[in-house]
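# Tertiary structure, described
Listed here are the chains, written in short residue letters.
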Amino acid sequence: MNQKIRQKCEDFFSHLARILYRHHKKTIGLTFLFVFFLVAFIPKTTIDTSASAMLRTTDPARIAYDEFRDEFDQTNIVVIAISSKDIFDINFLSQLKSFHESLNNTVPYVKKITSLINARDTYSKNDELVVGELLETWPENEDDLALLKDRVDSNPLFLNSIISKDGKVTAVIIEIEAMIDDAGTDDDLIAEFEEDESEKSTPPRYFKEKDNQKVIKAVNEIAKEYNTSEFSIAFAGDLVVLDVYNRAMERDIVMVVMLSLIMIGIFLSILFQRFSGVLLPEIIIISGLSSTLGLLSLFEISIKLTTIVLPGFLLAVCVGYAVHILSIFYVQYQKGSNKEDAIAYAMGHSGLAVVLTAITTAASLFSFAFSELLSIADLGFFGATGVLLAFIYTILLLPSCIALFPIKRKKVSKQLKKSALMDKILMSISNFSIRHPQKVVAGSLILFAVAIYYTFQVSYSHNILNWIPKDKKIQQDVQYIDTHLKGAVIIEVVLNTDVDDGVKDPVFLNKIQTTIQKLLKYNKNGIWVGKVFSINDVIMEINQSLFDNDPEFYKLPATRAAVSQELLLFENAGSDDLESLTDKNFQKTRISIKIPWTDAVYLKDFLDHVHSLFYQEFQDSAQISVTGGPTLLARSIPAALLSMSKSYVVAFIVITFLMIVHTGSIKIGLISMISNLLPIFMTTGIMGLLQIKLDMSTIMIGSIAIGIVVDDTLHFMYNFRKYYERSKDVTFAIRETMLGTGRALLLTSIILSSGFFILMTASLSLLVVFGVLTGLTIIFALLADFILNPALMVLVTRREKPIEAPLSHIQGDI
């Protein structure tokens, strides 16, 4: 960017500041009208950390998942484990019946609840197949209880499903509807009588996070009412873990934002020692953050695993822009300029640098907007939008609010004393780099190499349970249910024969049974198969019943005719259980595989194993679809890594180009990227050294850090280039940049890093780790700008001769 264009831009911002200053009431009114419009949508903000929310609706894995939900109307379960000294006791069973009924009457969106009270009991009586409930006839004495225990123990379907192997734990399994019909809720009953049939019909929608919150809240309330030492309750499952995580996330986000605002306010008061120096940045911060959250709600975008970093990032961006301009304003104001002249000078001086940093940061984030993962795309789009909003609010509100609020001048002696101390520190740092540039660059390159080595030691992990505090009940509940009931996580396999009654083929059914037996042998990386549910369970149960309940006949019939007849008898007996296992034409069937809670990294190997086993048996006879929540999570991990890798490459190219344009030099623009990359690799190197796992949160550190790091480097290089063009004296240019821009960079970095370190107060470990690592990255970026950049500039420009040594430096430049 040549000097004439730069001057025109600076004049534009100076003139704009005067216009905004003179029309401050209109500017403030219109700006806050827009802000309040967006803020009105914030109450509708939702958090959805489910795997399905991370994928686009056009993703093949998501399509398969949605097709499964459409076909079988059930995807998730809540497993409630109840332990007692004697499960087969009349008092316990009475309590269980009451508990079962309370759940059935209270929990919304329930498709089916299964327990010992209503578990399917199939048997023959007087040459007739009977399909009833296990406790249809209530036990009245010890003999009845003993008979009940024998029936439960002899039914293979109940083991590790509703009864533990040791018989001390029983389960209540809540199956949740996948499709929700809002038109059928109580809230719409009145409207049903007031509207036309054509007007009131509302298409069913998929089960959402807000629905899950209602489900888990109801289960929690009932569990608290019934939980005693003789009726000890634990519950788990995907829905339960996600709800605990989401509620903790809601609390942490609110707490962290509040503490960050307080912390930023404290540092701003120390920095500026003025009420206006605290109030003005805080107004911009709150406006930028609330507007972005309002936009998310306006477009019905939930906060996901990746977008949870947005609040912290926007706090950093908003305060950075405001501090850079206010630093210049207060310096000019202290020199005797009136408020209008001071803000006009500050905007003219720093406005271009701020807009360039905003464009660079927004461009780097927007590179993520085209990610194949929806959650990363949301971060890219709304992160970039938030950055631009922060910039716009800074430009609009600072001149306007300065015109509105009275601002007093401080005593000069205190200001000079503080500035002298800071100048001394900054000069010491710059002198070291100027005198020892080769040593600084060599040391940085060695550090770079070490960081890259340890970066390749970083491994990936995704386990929401590990992020939740260890003292939370869900931690014990998941482990307890995994131990006694062999898991609560369900993976679904759908086999489609594309032939009517194709599921009834004995060859087909035997292949399913063969595959199930192979699946039950899997035990790797903490994953084992605790139970497999299929249509074979129903058929073998019917077959045994028709042969006088002889256990030897718990097997599949040999002919298609026998299978068809048994299934017809089962349906005629009044059971609708087949609806959840096959379609009405018996072309498709569903196999549900229950596994323990595990790290999603290990899911891919297991899912590949599942698909491989089914492919071996059904490659020529059926289409195979492996789906369910865990499959979406397993799909998200490689997609996230690939998307972020592509996005980082694009961001690097875009930022390099913009740095070249901003500095007006290809050489300086390219070299400046060293100091942009070093802090990020240092952070990832620390992760590898300390064996900190890369997950959906920490993978975002690079996207957040690159925006902040580039901002600092751009401010440094922009002003260095300006001073260097005047003098061709690298020492003078570095010192003037350090005394001007260096002050603001030091202060903003302290504020920003402290804002991220505040995340250490969060209850969720992923926020703690994210805060610490991002805060460290900001500190590393500051050190790179203060130590490495001056050394690089000395080496790059050493052959050029000074034009004329200036007599004095320009105070307050940034």
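Everything quoted here is computed from the prediction, not taken from an experiment.

## With respect to the overall build of the protein
- A tally of regular secondary structure across the protein gives 26 helices and 14 strands.
- Summarising its shape, the C-alpha atoms of the protein cover approximately 110 × 60 × 50 Å along the three principal directions.
- For the protein, the proportion of its 814 residues judged to be buried stands at 58%.
- Once local pairs closer than 6 in sequence are excluded, the contacts in the protein between residues at least 24 apart make up 81%.

## Some remarks on the nonpolar core
- Formed by 262 residues in total, the largest nonpolar core has its most connected members in I80, F99, Y245, F329, L495 and I593.
- Per element, the largest residue contribution to this core is 17 residues, and it comes from helix α11 (residues 310-334).
- Residues within four places of L495 in sequence aside, it is in contact with F508, I512, Q587, K588, T589, I591, F614, F618, A622, Q623 and I624.

## What to know about the packing of aromatic side chains
- According to the stated counting rule, one finds 26 aromatic pairs in the structure shown.
- Ring geometry for Y226 versus F231: centroids 6.5 Å apart, planes at 45°, classification tilted. Both residues of the pair, Y226 and F231, belong to the buried class.
- Their ring planes at 85° and their centres at 5.4 Å tell us that F366 and F370 sit as a pair that is edge-to-face.
- Residue classification places F366 among the partly exposed positions, given a relative accessible area of 36%.

## Considering the sheet that holds strand β14 (residues 623-627)
- The strand order across the open sheet built from 4 strands is β12-β13-β9-β14, with neighbouring strands paired in antiparallel fashion. Looking at strand neighbours, the two that pair on one side only are β12 (531-533) and β14, the edges of this open sheet. Adjacent strand axes in the sheet meet at a mean angle of 20° when their direction is disregarded.
- Summarising the sheet, β12 and strand β13 (residues 588-595) pair through 3 bridges and their orientation is antiparallel. Bridging across to β13, F533 finds its partner in S592.
- Of the strands in this sheet, β9 (489-496), β12 and β13 touch helix α18 (residues 506-519), which is tilted by about 10° from β13.

## Observations concerning the packing of α11 against helix α25 (residues 730-757)
- Running from N to C, α11 and α25 point in directions that differ by 160°, and their axes come no closer than 10 Å. Between α11 and α25, the angle falls in the class roughly antiparallel. Classified by chirality, the crossing of α25 by α11 is right-handed. Contacts from G312, F313, A316, V319, G320, V323, H324 and S327 of α11 reach α25 at A744, L745, T748, I751, L752 and F756.
- Across the contact of α11 with α25, the residue classes tally to 9 nonpolar, 5 polar and no charged.

## Some remarks on the pairing of strand β3 (residues 120-125)
- Judged from the 6 bridges that link them, β3 and strand β4 (residues 128-133) form a sheet pairing that is antiparallel. Looking at the pairing, S124 lines up with L129 of β4.
- If you look at the hairpin formed by β3 and β4, you'll find 2 residues sitting between the two strands, and N126 has a positive phi there, around 55°.

## Observations regarding unusual backbone geometry
- The phi dihedral of Q273 is positive, around 55°, even though this residue is not glycine.
- In this structure, D501 takes a positive phi of about 65° despite not being glycine.

## Digging into the layout of surface pockets
- The space that makes up the largest pocket amounts to roughly 1,200 Å³.
- Taken together, 48 residues make up the lining of the largest pocket; nearest its centre are D48, S50, S52, A53 and E209.
- For the lining of the largest pocket, the secondary structure elements donating two or more residues are α3 (60-72), β1 (74-83), α8 (209-226), α9 (238-272), α13 (374-404) and α22 (629-663).
- Estimated volume of the second largest pocket: approximately 950 Å³.
- Taken together, 36 residues line the second largest pocket, and the ones lying closest to its centre are K112, T114, R120, E175 and D577.
- Mapped by element, the contributors of at least two residues to the lining of the second largest pocket are β1, β2 (110-114), β4, β5 (169-177), β9, α19 (535-546) and β13.
- Element by element, the count of residues in the lining of the second largest pocket is highest for β2, at 4 residues.
- Considered class by class, the residues forming the lining of the second largest pocket number 13 nonpolar, 11 polar and 12 charged.

## A closer look at the packing of helix α2 (residues 24-39) against α13
- It is the contact of α2 with α13, at a shortest axis distance of 9 Å, that shows an interaxial angle of 140°. Here α2 lies oblique to α13, going by the angle between them. Crossing handedness for the pair α2 and α13: left-handed. Of the residues in α13, those in contact with H24, T27, I28, T31, F32, F34 and V35 of α2 are L389, Y393, L396, L397, S400, C401, A403 and L404.

## A short note on a nonpolar patch on the surface
- Together, M255, L259, I262, I266 and I270 give the surface a local cluster of nonpolar side chains, amounting to about 410 Å² of exposed area.
- Its relative accessible area of 30% is what places L259 among the partly exposed residues.

About the criteria used
Residues numbered from 1 in each chain as written. Predicted model: local features only at pLDDT ≥ 70, side-chain atom pairs only at ≥ 80, totals over all residues. Heavy atoms only, no water. Helix = DSSP H or I, 4+ residues; strand = E, 2+ residues; numbered from the N terminus. Buried < 20%, exposed > 50% of the residue type's maximum accessible area, 1.4 Å probe, protein only. Contact = heavy atoms within 4.5 Å. Core = buried A, V, L, I, M, F, W, Y, C linked by side-chain atoms within 4.5 Å. Phe/Tyr/Trp six-rings, centres within 6.5 Å; stacked < 30°, edge-to-face > 60°. Pairing = 2+ DSSP bridges. Axes fitted to C-alpha atoms, helices over the stretch in contact; angles between N-to-C directions. Parallel < 35°, antiparallel > 145°, perpendicular 65-115°, else oblique. Left-handed = near helix turned anticlockwise from the far one by under 90°. Nonpolar A, V, L, I, M, F, W, Y, C, P; charged D, E, K, R; others polar. 1 Å grid on protein atoms, 1.4 Å probe; cavity = no way out; pocket = protein on both sides within 12 Å on 5 of 7 lines; lining within 4 Å. Points joined across faces, edges and corners; volume = space filled by probe spheres on them. Patch = residues over 30% accessible without salt bridge, like charges linked within 9 Å, V, L, I, M, F, W, Y side chains within 5 Å. Areas by Shrake-Rupley, 256 points an atom, 1.4 Å probe, with all protein chains shown as cover. Salt bridge = Lys/Arg side-chain N within 4 Å of Asp/Glu carboxyl O.

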